[in-house]
Amino acid sequence: METALKYSITLRFEEIKLPPFDEILVMGVNSPHGKHGISKSFELLIPNGFEIIDIKEKFVEAVFVSKRILVKLPPEKLLKILSDKVFPYVSEGELVRVDLKVCISYNSIEEDF
Amino acid sequence: MDISKLINKKYVTAKPFDGVAKIRKLLIEDTAVVVVDDDKYIGVLTALDIIKNPHILVVDCLEYKPTVSSEYSIYQTLTLMDKLETNALAVFFENTIIGIILQKDLLRFLSQHEFEVEKELLLRTEEFEELNCSIESIVDERTKELNAINNAKDKFFAILAHDLKNPFNIILGFSDLLLMNISKFDKEKIAFQVTQISNAANQTFTLLENLLSWSLSQSNKISFDPQSVCLDQLYKIIDSEVKVAVQSKNLKINFKSNFQGEMYADINMLQTILRNLISNAIKFSYKNKQIHVNAEQNSTHVVISVIDEGTGINPEMIDYLFDISQKTTTHGTENEKGTGLGLLLCKEYVEKHGGSISVQSELGVGSNFKFSLPLINSENSTV
């Protein structure tokens, strides 16, 4: 008696973007994809879209930041935030995607119209 | 030594965005890969680099390494590699890569070189030992020769002392006899005894004169002043010097010269040579014989022969005539004594002029002593 062959398929899809993050990528030391390799691929995908910032932390080698963020937030302030809030959780060889939204608001605007 | 001969000019290349997996095998085989991007040099990648920087792409594994030139010494290059902890460096000439230099090639060369140095050292040691043995043997030989020469001189001095003592015995004996009996002896007897004293004194004087000349010559203190010499004038001087001895044996000396020019010689030395050779001829000549002194000229030299009709020389003795170690007291036909010192002097003086002396002799027939001296302005003159 022949056994009938059955397939069980689970299907799911969603839209993705390249690169698979919007604003910030933290690169751990000794990650398989090195700084130059990632930088080259970003250049191919979004020319002139990202800034590479070298980091001298125990487990963090570099940070790739969207230039749009840097227009809103100076690098020093951004790095201070990342250093306090993100870097302590990055392991060796890891690539960590960071979602960071900047919202700018003014309390009162007084100006002669 | 520089690294020029050890540069690896056939190297493997990779692109910066090649995967490391692709070149891992190449790295194991070749130790280093040169990374180039559109012919532009990027760097040298070694197996050590991919261990230290474990990335996927070649460019991420690269570490900065300075380049070297082919004029770098092996020591400089190895020191730099040690400092950078790398085993390969790129070699540049005028901003262009000409090859890579590998640590393993440098070390292999040094180890081979060290082996060759050791081999060379071993060879040199063996040569040195051989040389040492050879020097020891030469020193032994020279020591023996020097001892032999010393012994010969001792023997010679003993003969000289003996020959110097003899004439004094005659002088002292006859003068004592004369003093005691001067009133009893007639004029003829007195003349005979004074002649004996005079002959002995002359003989001693000649011997002392030869001895002094020889000792000066041995210590290179004798002056050598060659100048133009007229042979005929010299003959006259010698003739007067030997006149008494010639008359006592009723000999005749024939001076004959086919050479009319002038020769180039130290006149005192030439006089000593001629006087000694003629004195010897007189000494070994029998009464009433002739002595011939001939001078002939060839293209470069004047050859002077002193020929006697005397006793001749034993063939066994001819080879030793000019050898100090074989000197012994000789006796003339009238029991005249001599040491052979004069012949040693003749040889020394002739050779000082760049000439040579030889002898031909036959027992019972006579001897021919021949010596050559350079002509004045002779092209081949060694004086």
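Here, every reference points to the structure presented above.
Below, the structure is looked at part by part. These numbers come from a predicted model, not from an experiment.

### Quick word on the overall build of chain B
Regarding its fold elements, chain B presents 11 helices and 14 strands. Put simply, chain B has 383 residues, and 39% of those count as buried. In chain B, of all internal contacts separated by at least 6 residues, the share reaching a separation of at least 24 is 65%. Accessible surface, chain B: about 22500 Å² in total, of which carbon and sulfur atoms supply 53%.

### Remarks on the nonpolar core
By size, the foremost hydrophobic cluster in this structure holds 51 residues, and its most contacted members are B:Leu274 and B:Phe371. Looking at which element gives the most residues to this core, the answer is helix H9 (residues 267-283) of chain B, with 8 residues. A:Val60, A:Val65, A:Leu78 and A:Val96 belong to the second-largest nonpolar core, a separate cluster that totals 18 residues.

### Considering the interface of chain B and chain A
The partner chain A presents 10 residues to the 8 residues of chain B that form the contact. For the pair chain B and chain A, the interface holds 6 residue pairs in polar contact (both at pLDDT 80 or more). Taken together, the residues of the side of chain B that touches chain A sort by class into 5 nonpolar, 1 polar and 2 charged.

### Topic: the packing of aromatic side chains
All names here are of chain A. A full pass over the atoms with the stated rule returns 5 aromatic pairs over all chains. On the basis of an interplanar angle of 40 degrees and a centroid distance of 5.0 Å, the ring pair of Phe-42 and Phe-50 is categorised as tilted. The exposure classification of Phe-42 matches that of Phe-50, with both residues buried. Here the aromatic cluster, defined as three or more aromatic residues joined through ring pairs, consists of Phe-42, Phe-50 and Phe-64.

Reading the values: rules and limits
- Residues numbered from 1 in each chain as written.
- Chains lettered and ligands numbered in written order.
- Predicted model: local features only at pLDDT ≥ 70, side-chain atom pairs only at ≥ 80, totals over all residues.
- Heavy atoms only, no water.
- Helix = DSSP H or I, 4+ residues; strand = E, 2+ residues; numbered from the N terminus.
- Buried < 20%, exposed > 50% of the residue type's maximum accessible area, 1.4 Å probe, protein only.
- Contact = heavy atoms within 4.5 Å.
- Areas by Shrake-Rupley, 256 points an atom, 1.4 Å probe, with all protein chains shown as cover.
- Core = buried A, V, L, I, M, F, W, Y, C linked by side-chain atoms within 4.5 Å.
- Polar contact = N/O pair within 3.5 Å; in protein donor to acceptor, adjacent residues only side chain to side chain.
- Nonpolar A, V, L, I, M, F, W, Y, C, P; charged D, E, K, R; others polar.
- Phe/Tyr/Trp six-rings, centres within 6.5 Å; stacked < 30°, edge-to-face > 60°.

Geometry only, nothing functional implied.
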